[in-house]
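Remarks on the overall topology
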Amino acid sequence: DTVPPQVVPGADPSARQLCFAWGPAEVLVCETLFGRAGGSRSRCLSRSPSPSRFWREGRAGAAARALTGSVAGTGEGTPSSSRVFVVRRDQDIYIQTLRKLFNESHGIFMGLQRSEEELAGKSRKAQLVQVSKNYRSVIRACMEDMHQAAVSTRDPALQGQYSTQVSILSAMELIWNLCEILFVEAAGAGPLLLRLLDWVRLHVCDVDSMVREVLSSESPSKHKLFWNVVDVFVLQGRMDEARHLLSKEASANPTSMNMYKILDDLMKKMPVPSLGNTQTLTELELKWQHWHEECQRYLQDGTFASNPHMESICKILLGDEDAILEKKELMTTWYHFLVTRLLYSHPTVKPLELRFYAQSSMDLFLGGESSPEPLDMILMAAFEFEMHQVIKECSIVLSNWWFVAHLTDLLDHCKLLQSHNLYFGSNMREFLLLEYASGLFSHHSLWQLGVDYFDHCPEYGRVYLELHIERIPLSTEQKALKVLRICEQRQMHEQVRSICKIMAMKALRNNRLGSALSWSIRAKDAAFATLISDRFLKDYCERGCFSDLDLIDNLGPSMLLSDRLTFLGKYREFHRLYGEKRFPEAARLLLSLMTAHIAPCSFWMTLLTDALPLLEQKEVIFSAEQTYELMRCLEDLTAGNPDKQKFQDDDVERTKVEMLRLALARNLARVIVKEGTVEGS
Amino acid sequence: DNRISIWSAGDLGNAGLNGEYHGEPHLLCDIQHNGDVMDMQFLDQERIVVASSTGTVTIFRHHQNNQTLSANHRWEKAHYHVDQDTSCGGAACTGVVCNNPEIVTVGEDGRINLFRADQKDAVRTIDNADSSTLHAVTFLRTTEILTVNSIGQLKIWDLRHQRNEPSQIFSLAGDRVPLHCVDRHPNQQHIVATGGQDGMLSIWDIRQGTMPVSLLNAHEAEMWEVHFHPSDPDHLFTCSEDGSLWHWDTSTNISEKPSFLHQGGRSTAYLSHSTINQSVVSAWLSNDPTKDRMEITNLIPNQTLSVNSLDVLGPCLVYGTDAEAIYVNRQLFA
């Protein structure tokens, strides 16, 4: 089938070369500076004919809709500016009134996935039919809302858009309803006709206003459209209503009383299939044959000859195709014609026989004047029980994957789709769900629904989810938390780490050290915790005091996340102990920080300098052992330093080292004496 | 495309014969809102204060005569980050609480703002009140507020004092799990409930100790909101990211009907049985399981997506989910 190429409006490939880049949900197209040599107009983005990817052309012609935004930039040298186009594929998800459809159907979808598979036979079928009905009621609710919106808006463009949407939704419901009858419920001969009658009555509503008008007039039988309405009722098999109207005519027109009585009787006696098991098909066929012959007799006897309206009704009852076809405008569609034909010529039609009647009905109805529209082709495919064809046609025609994804999923649950492996591995149901969910992910809020859809795609769902979830813009912490929770529930550790790192970096840049730490704890990211601690220590060295004491004082067990963090906590504790004048404990802590190698080497000098006031106290705090340890640390520090120049040139450093050595020596002297004496030991 | 909407949930006086309410909530009016709505509260009968993810705090007025909403007053950049270059510099305002005419807001920037409804500028701002994100705020007394943050701390701030330090800090023992919501008992002001990121409900007695009195393992994911019932505080409600909404009932005058005869469709769990014996000390603080019983009910039969927010008044409970649906339950105690 020839598919017209879809060109991004405004981007003229004949003037400039265009380049493009794929994104997860969008395509970026930009103009380059390279002019096009030669005059050939080449296609920029051409539609691939396979149903597998991309730019859906909705019934209204989607090219204009696909363009969502362009960024104007300045080209170099040339006076015209070059632009970048953002081409997005799924416009429908941004329609406000359709959000209810997406949300509610998500709930139904989840319910279906979770429903018990153990139910077999009739109860399972009933359950699936109920699911199908739920989907349809959601479509109808959406249609209602859309209709309300169309009526209440004053913007004609918007009104046009809403009206288009209403007709699309209506077509979707029509197709779904037929699929429900033929595939999900799989109505057999007998009930099949009743269901089809209901279907036609529900969906062919062009005549409703006429019916209302006639019924509400004072004397309906005098209304000029009276017989039209009677015909409508007969065509739709609404015998009781037809008889009721006819009785009005009979009472107004006593001369035709006799004819009326016969017709009324025929209509009353007409055998119809019943839903219960009150009669078998053969019984019905026999009765029907008998009735048919009776009608035939009355017609041939010329009973209705004087009243052409009644005669035509009798002919319709006999299933005369020409008579039925005369009422084309009242039926408006070929499928109405089909069902009427079946009602009056083959009421016990079997499902597999439908295809023949459908094809001939369409041919007779359209009569070569008009060609079938896409909707007609889809319905025909359904009557032919070609499920895959239905899905394929719908995919091409509709601008959004919603319909085909959910319908295919339902049919799959009915075990009707063979595992029809497509050439890139996943089956049709999964493919459609993946496409639908991917479309959802480009929406800033509906992506949450997409997650559940990916969960139920066994082969590629997880991979798709992993790729998409990292690209959700995290505008607030709450959104990040939701994304994280989704990742954690599915053990997507890589993504957890990456998201926490992003949030922690953001926090760090905004100087929210507590938030940054909180994110590192969530990801158990020791490296980042070390980074944060270094930041704190740097602040301390620069300012001489700690910032964010409420955080450092209350680290709790999270202190153990990284060595540096532990050091920070303990160092702060040292300061606290010193402040509380608990010197021996402070001293022990300080020493352990160095000897246990928790402290980074760069900090040792600071720690030793902190030890100075303790060494200078009147009371001897450090024991001999501890003093030796301190001395060893100092020697390690000064000896281990390859660049001795630093210590020698820097006066401050040298003074510090000298003071330390002096203090340590003095302390050692005092403590040896103290420990040597009787009281000291 | 975020909007603030006012809905009519219907007259309670229109209840049918058996108390059933007929009719759906319908939309009265709405107005566009810039950014996500992080929190909101009624200031008085007509005005609503809304906290935005852009860092703006807005007062909307609901004109009941012609059913419209209008923006009455706006404090732009009430919350912002130091580095103005990143993400437009705005920091989300995460919580708002009102005590007419005072309004207190907290945000991701760790800042606390005190506004008055009629004044253009903030009355008081405590910069860097917290080094982490402040998730929620509520009034303890008229001059004191409670905040919870993302390193698991509950802080009391006394607004009379000019220093920018909390007057008291409480924290959970063990892991510093972020706290997301806080509410105070309506009558007994020393009882405070908080909800954490791990779904744990903590009850605190702020007169004593720095650690919670009881920790109740509740939800499987973040607890977004916790509310004591304003007129019947033996009842507590919590909602969570895991899609459930729990009703915690410590009232001891439950009828003698055994649990399986209660209205169907809800899963109930008893913590323990007891004689009907009303103790003077609030049931929330008592940790003697033999004396009190707590009934916990999940009010949502088919949970799917997160329940983000709830509110309760009289016999009415309203909650909203991530499936873009609002539910109204008008017969909470039936």
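Residues numbered from 1 in each chain as written. Chains lettered and ligands numbered in written order. Predicted model: local features only at pLDDT ≥ 70, side-chain atom pairs only at ≥ 80, totals over all residues. Heavy atoms only, no water.

**Description of the overall build of chain A**
Just so we agree on the cut-off: Think of it this way: any DSSP run of H or I at least four residues long counts as a helix, any run of E at least two long counts as a strand, and we number them from the N terminus. Exposure is judged per residue with a 1.4 Å probe applied to protein chains only, and the accessible area is read against the type maximum: over 50% gives exposed, under 20% gives buried, and values in between give partly exposed. Contacts were defined at the residue level, with two residues in contact if any of their heavy atoms lie within 4.5 Å. In short, Shrake-Rupley with a 1.4 Å probe defines the accessible areas, and a residue's cover is counted only from the protein chains shown.
Helix and strand counts for chain A come out as 32 helices and four strands. Here chain A holds 681 residues, and 50% of them are scored as buried. In chain A, 64% of the contacts between residues at least 6 apart in sequence involve partners at least 24 apart. When the accessible surface of chain A is split by element, carbon and sulfur atoms take 53% of a total near 32,400 Å².

**What to know about a nonpolar patch on the surface**
For clarity, the threshold we go by: In this analysis, a patch consists of residues with relative accessible area above 30% that form no salt bridge, clustered at 9 Å for like charges and at 5 Å for the nonpolar side chains Val, Leu, Ile, Met, Phe, Trp and Tyr. Here a salt bridge means any side-chain nitrogen of Lys or Arg lying within 4 Å of a carboxyl oxygen belonging to Asp or Glu.
A cluster of nonpolar side chains, W7, L27, V318, I326 and V328 of chain B, forms an exposed patch at the surface whose accessible area comes to about 410 Å². You can see V328 of chain B is positioned in strand β26 (residues 326–329).

**A closer look at the interface of chain A and chain B**
The test is simple: What gets called buried area is simply the loss in accessible area from a 1.4 Å probe that two parts show on being joined, summed for both.
Tallying the contact residues gives 35 residues for chain A and 44 residues for chain B. Carbon and sulfur atoms make up 43% of the surface buried where chain A meets chain B, a total of about 3,100 Å² over both sides. Counting every contact that joins chain A to chain B gives six salt bridges. Across the pair R99 of chain A and D1 of chain B runs a salt bridge whose closest N-O atoms are separated by 3.0 Å.

**Describing the confidence of the model for chain B**
Residue and element names in this part refer to chain B. Put simply, the test is: A score between 0 and 100, pLDDT records how confident the predictor is in each residue.
A residue-level look at chain B finds 83% of positions with pLDDT of 70 or above and a mean pLDDT of 83. Under a pLDDT of 50 for its full length, residues 16–21 has, in the predicted model, ten contacts with residues more than four places off or in other chains. Segment residues 253–280 is flagged for pLDDT under 50; beyond a separation of four residues in sequence, or across chains, it makes 43 contacts in the model. This prediction of the complex comes with two scores: 0.82 for pTM and 0.87 for ipTM.

**So, unusual backbone geometry**
Most of the time, phi is negative for any residue but glycine, and the peptide bond is trans. In this model, N100 of chain B is joined to P101 of chain B through a cis peptide bond whose omega is 0°. Mapping P101 of chain B onto the fold places it in the loop between β7 (93–99) and β8 (102–107). Despite not being glycine, K415 of chain A shows a phi value in the positive range, around 60°.

**Overview of the UniProt feature "repeat: WD" (unreviewed entry) in chain B**
Heads up, the rule is: UniProt positions are given in the numbering used here, feature names are shortened, and annotations may be inferred rather than shown by experiment.
The feature "repeat: WD" (unreviewed entry), as annotated in UniProt, sits at residues 172–214 and 216–252 of chain B in this numbering. Helix makes up 0% of residues 172–214 of chain B and strand 44%, whereas the separation of the span's terminal C-alpha atoms amounts to 11 Å.

**A closer look at the domain arrangement of chain A**
Interface size is commonly expressed as the accessible area that is lost once the parts come together. Put simply, the test is: Domain start and end points were adopted from an automatic or database domain assignment.
For chain A, the assigned domains are domain 1 (8–32), domain 2 (199–349), domain 3 (474–580) and domain 4 (601–680). A C-alpha centroid distance of 60 Å is found between domain 1 of chain A and domain 2 of chain A.

**What about the side chain of H180 of chain B?**
Keep this limit in mind: Contacts described as polar in this section are N or O atom pairs within 3.5 Å, which, within protein, must combine one atom able to donate a hydrogen with one able to accept it, while residues neighboring in sequence count only if both atoms come from side chains.
Tracing the chain through its elements places H180 of chain B in strand β15 (residues 179–184). Judged by relative accessible area, which is 6%, H180 of chain B ranks as buried. Among the polar contacts listed, one links the side chain of H180 of chain B to the side chain of Q197 of chain B, at a separation of 3.3 Å. Residues within four places of H180 of chain B in sequence aside, it is in contact with L481 of chain A together with H135, A136, V148, G195, G196, Q197, E222, M223 and W224 of chain B.

**Looking at the pattern of salt bridges**
Residue and element names in this part refer to chain A. Counted by the stated rule, this structure contains 48 salt bridges over all chains. The shortest N-O distance in the salt bridge between R341 and E321 comes to 3.2 Å. Of the two residues, R341 sits in helix α14 (residues 334–345) while E321 sits in helix α12 (residues 321–326), which places them 20 residues apart along the sequence. The class for R341 is buried, based on a relative accessible area of 9%. Take E321: its relative accessible area is 32%, and that puts it in the partly exposed class. The shortest N-O distance in the salt bridge between E573 and K570 comes to 3.8 Å. With a gap of three residues between them, E573 and K570 both fall in helix α27 (residues 563–579), about one helical turn apart. Looking at E573, the relative accessible area reads 27%, which means it is partly exposed.

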